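In case you want the letters, here they are:
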Amino acid sequence: MKAVVDSLPVVALRRIGSISLFFAQILARIGPSLAKPGLIVKQIYNAGARSLVIVMLSGMFVGMVLGLLGFDVFQRFGSEDYVGVLAALGNLKVLGPVLTALLFAGRAGTSLTSEIGLMKSTEQLTAMQMMAVDPVRYVVVPRFLGGFIAMPLLAATFTLVALYGAQLIGVQQMGVDTGAYWSQTQNAVSLHDVWEGVVKSLVFGVAVSLVAVYEGYHSEPTPEGVGLATTRTVVVSSVLVLLLNYLLTAAFLKTH
Amino acid sequence: MTTTFCYPSPPYKPVDMSRLSEAPAPVKSPAQAGDAVIEVRDVRYAIGGRPIFDGLDITARRGRITAFMGPSGTGKTTLLRLITGQSHAESGSVKVFGREVSSMSSAELFALRRRMGMLFQNGALLTDLDVYENVAFPLRAHTKLPEPLVRQLVLTKLHAVGLRGAATLMPAELSGGMARRVALARAIVMDPEILIYDEPFVGLDPISMGVICRLIKQMNEALGITSIVVSHDVQELASIADDSFLLSGGKVVASGTPEELARSTLPEVKQFMTGLADGPVAFHYPAKDYQSDLLDDAGEAP
């Protein structure tokens, strides 16, 4: 009996159920939380502004690598003009949202988890309950919303910087004609592609923020427990982002 | 009797607590004093199959300081969780202000908790707010008082615990004793009727301990707050408690005034009150026979 209850699929199902319930709790409290916008703004700053440097730096390098890779591949077919197309589509549709989400999980997600976990282990959450204040509403929801709002903004920044980086290599260094580079890009990219990136970054924003606050709120209130929860945040949200990315990419390809 | 750190009567100049709020007259009003505020009857509770309480009976009376004492692991903190409705007993009844806690809806529970203040072991101050905002937190959450009034309330409570000058410090900058005093100011800012102290003396130096002791007595006398103190510091408790309950093995093994407990001849009580290493609470963790354990030549670790 115990073996069945503790078997992997059952544990996984229970976890999914518990995360879903927690998500429902958060959604139910979003309305009341909007009454204190100051808390949310603070969390957008924590999750967003503090991840900005790492996101921009990574975006630059990813864009530059795409420039090199595109030039290498298309040169073999004598069609270097298409470097911009690869960089634009690759960034907008996949790399921008996915890499930003992974960086976001490592930078902002872990800090959310450890912060909430620490508040739990020092009895701050219990103290709030004793003061008749709902910790989900006061602590969890603003952090979730902050992450949810910051993530698409970060993904947009990443994509923008990456496009600049690709252009820097393709045009400035490898000598692709500026006019050809941008006109090919303009022809190839449709609004549908932009939407794909936007939708993905919104979904990833929900996924990473939810996992981060869930793990923090449900961590064991001990130093080991908080450490483990932080690790789980990175592992679970990274895998979740990559899985969702595949599903969304497939779905957008169908609706094209 | 050995030295106590608490002096219930003079050498200090009492803060004028009557100015703290317009709350009902700060006296143990004769009509109400002595009413049972918290009644725990025949409570059974187990964690993971291990029984914590096995028929627990406790009464805390209005306007008095009631102490729950007992060795570590006897469920003193669990008892507080039952009283505050964070956990529910398997059987028996826990009544606060005459109402059964386990049958309250969460809205009723929140309403009940607004009439209670709780001081946590390490203060549990919110780390991202400074001292002033920590004390103001319950006011901001539950009232729409204008800022000047909030300021007045917060500063008077901070003044009462002697930390008005520390209002702008962050919790990380406070010593353990100061953090607990700030938490005390926060606990009384809503003028609670019951104040619960969870291990208020743990890890404090003698001076801080004396200060906390004095404050507990002061809060009780000046504001007429019913106080519950959970601790195993016998001497401190003896100097401030009106009633005390000694918990052991899931039951109350003795109750009465601290003096009565000190005179008790029951072995459990004697062991606890005088701090003997061996007695009804055994020094040795249960093990097999010593001699056969030593002579066990199987050569394996037990």
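Now for a quick tour of the structure. (Residues numbered from 1 in each chain as written. Chains lettered and ligands numbered in written order. Predicted model: local features only at pLDDT ≥ 70, side-chain atom pairs only at ≥ 80, totals over all residues.)

For chain B, the helix and strand inventory stands at ten helices and ten strands. Taking all 302 residues of chain B together, 38% fall into the buried category. Counted over contacts in chain B with a minimum sequence separation of 6, partners at least 24 positions apart contribute 68%. (Helix = DSSP H or I, 4+ residues; strand = E, 2+ residues; numbered from the N terminus. Buried ≥ 20, exposed ≤ 12 C-beta atoms within 10 Å, placed from the backbone. Contact = placed C-beta atoms within 7 Å.)

With respect to the helices, strands and loops of the structure, Thr249 of chain A is situated in helix 10 (residues 223–255). The class for Thr249 of chain A is partly exposed, based on 15 C-beta atoms found within 10 Å.

For the rest of this paragraph, the subject is the packing of helix 3 (residues 37–47) of chain A against helix 7 (residues 135–173) of chain A. All names here are of chain A. In the contact formed by helix 3 and helix 7, the axes pass within 8 Å of each other and the chain directions differ by 55°. Taken as axis vectors, helix 3 and helix 7 run oblique relative to one another. Between helix 3 and helix 7 the crossing geometry is right-handed. Across the interface between the two elements, Leu39, Ile40, Gln43, Ile44, Asn46 and Ala47 of helix 3 pack against Pro142, Arg143, Leu145, Gly146, Gly147, Ile149 and Ala150 of helix 7. Residues of the contact of helix 3 with helix 7, tallied by class, amount to eight nonpolar, four polar and one charged. (Axes fitted to C-alpha atoms, helices over the stretch in contact; angles between N-to-C directions. Parallel < 35°, antiparallel > 145°, perpendicular 65-115°, else oblique. Left-handed = near helix turned anticlockwise from the far one by under 90°. Nonpolar A, V, L, I, M, F, W, Y, C, P; charged D, E, K, R; others polar.)

Turning next to the interface of chain A and chain B. In this assembly, nine residues from chain A lie in contact with 14 residues from chain B. Residue composition of the side of chain A that touches chain B, grouped by class: five nonpolar, three polar and one charged.

Attention now goes to the packing of helix 2 (residues 8–33) of chain A against helix 7 of chain A. All names here are of chain A. At their nearest, the axes of helix 2 and helix 7 sit 9 Å apart, and the two run at 95° to each other. With respect to each other, helix 2 and helix 7 are oriented roughly perpendicular. Where helix 2 abuts helix 7, its residues Gln25, Ile26, Arg29, Ile30, Pro32 and Ser33 lie against Val136, Arg137, Val140, Val141, Pro142, Phe144 and Leu145. A per-class count over the contact of helix 2 with helix 7 returns nine nonpolar, two polar and two charged.

Before going further, it helps to spend a moment on the sheet that holds strand 7 (residues 194–198) of chain B. All names here are of chain B. In spatial order, the strands read 6-7-8-3-9-10; together these six strands make up an open sheet with mixed pairing. Each edge of the open sheet is held by one strand with a lone partner, namely strand 6 (116–119) and strand 10 (251–256). Here the average twist between neighbouring strands, direction ignored, is 15°. Here strand 7 pairs with strand 8 (residues 226–230) via five bridges, running parallel. Note on strand 8: the bridge partner recorded for Ile194 is Thr226. This element, helix 6 (residues 206–223), spans strand 3 (65–69), strand 7 and strand 8 of the sheet and lies at about 155° to strand 8. (Pairing = 2+ DSSP bridges.)

With that settled, consider the sheet that holds strand 5 (residues 99–100) of chain B. Residues and elements named next belong to chain B. Read from one edge to the other, the open sheet built from four strands follows the order 2-1-4-5, with strand pairing classed as antiparallel. The open sheet is flanked by strand 2 (50–61) and strand 5, the only strands paired with a single partner. Pairing geometry for strand 4 (residues 91–96) and strand 5, over two bridges, is antiparallel. When the bridges of strand 5 are listed, Lys95 appears paired with Glu100. In this fold helix 1 (residues 76–83) packs onto strand 1 (36–47), strand 2 and strand 4, with an angle of close to 120° to the strand it touches most, strand 1.

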